[in-house]
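Close look at the chain arrangement
Residues per chain, in single letters:
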Amino acid sequence: MKRSIKITILSAVALVVIGLVLAAAAFAAGFTGSEQYEAFSESFPDNIKEIRTDITAGRVHFYRTDEDQITILYYDNENHYFNIEEQDQRLTISRRSLPWYQDAGNWFHFGGPEYDVEVGIPSGFQGSLILENHSGSTRIQDIQCLELKIKSSSGSIHLDNVESKRNLEIEASSGRIELTDIRSQNSIDISNTSGGLEMDNVDCGGDLSISGRSGSQKLSQIHAQGGIVVTASSGGINGDNIVSQNDFSVSLASGGIHLSNIKADSIQANSSSGSIRI
């Protein structure tokens, strides 16, 4: 073997070893910080017209509180930190994190709280919720609001006993979406690139639109004052006890469509590859 080839191979091996050492050091640093959280709490009046979140990575929980104020409990450590701002009756909750190579240990959330931020919403809240979570779960329980919009790049979305007086919109790139006991006085629009969807006991005051590329769609106990449109590229679509005051349309490129107890002005089901049962 020529000398130049030997030098090249040795250099490559050295670079790999150095990379592994640096990665291990970053992981150790992140792991150490992951168990050292400090809790903070803040309160705001319930006349806030809008609550916005901009979370790079974290687990978010909204719930109903018996207090007459909006309460926020959040956890900071040396790698993740929140910023809470109120201006013109708009409340903004943002979180920033260190780059991934400085925060490897926190990927696993060892020793941390169940949620990174918990927001208590009074029963008399009349504002909107505009939530964006780039990576991490979003859970909303027992909430009434004027309007609800959720955008997520990666992470599950769970809504339980939620009512929106206007539109309800969910846009997700990757992650499972589960909706239970949902009421919207206007339309509901759900888009999910990758991940399953499960909806149970949903009352929609307008049109219901559901679109997905990959993942199963399971719908039960659905009532819409307008039309219902469900489209997907792959994955099964299952629907039971669905009522539309207009048309009901289901379209699937690959996978089976199974529908039962459907009431609508018209029912249309199309699958390019897969069985259809109505």
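Here the structure is a predicted model, which means the values were calculated and not measured.

Some details on the nonpolar core
Core analysis: the largest hydrophobic core is formed by 56 residues, its most contacted members being I51, I70, I72, L148, L159 and M199. Residues contacting L148, with those up to four places away along its chain left out, are L129, L131, I140, L159, V162, S164, N167, L168 and E169.

Considerations on the pattern of salt bridges
Scanning the entire structure with this criterion turns up 8 salt bridges. Here R176 and E178 are joined by a salt bridge, their closest N and O atoms 3.1 Å apart. Overall, the relative accessible area of 32% leaves R176 in the partly exposed class. Taking the relative accessible area as the measure of exposure, E178 reaches 27% and is therefore partly exposed. Salt bridges linked by common partners bring E50, R52 and R90 together as one network.

Considerations on the sheet that holds strand β3 (residues 60–65)
The 12 strands are arranged β1-β4-β7-β3-β9-β11-β13-β15-β17-β19-β21-β23 in an open sheet whose pairing can be described as mixed. Either end of the sheet is taken by a strand with one partner, and the two such strands are β1 (38–45) and β23 (276–277).

Brief notes about the pairing of strand β10 (residues 147–154)
Both strand β8 (residues 128–135) and β10 contribute to a ladder of 7 bridges, which runs parallel. Across the sheet, L131 pairs through a bridge with I150, a residue of β10. The sheet contact formed by β10 and strand β12 (residues 168–174) spans 5 bridges and is parallel. Bridging from a neighbouring strand, S152 pairs with A172 of β12.

Definitions and limits used
- Residues numbered from 1 in each chain as written.
- Predicted model: local features only at pLDDT ≥ 70, side-chain atom pairs only at ≥ 80, totals over all residues.
- Heavy atoms only, no water.
- Core = buried A, V, L, I, M, F, W, Y, C linked by side-chain atoms within 4.5 Å.
- Buried < 20%, exposed > 50% of the residue type's maximum accessible area, 1.4 Å probe, protein only.
- Contact = heavy atoms within 4.5 Å.
- Salt bridge = Lys/Arg side-chain N within 4 Å of Asp/Glu carboxyl O.
- Pairing = 2+ DSSP bridges.
- Helix = DSSP H or I, 4+ residues; strand = E, 2+ residues; numbered from the N terminus.

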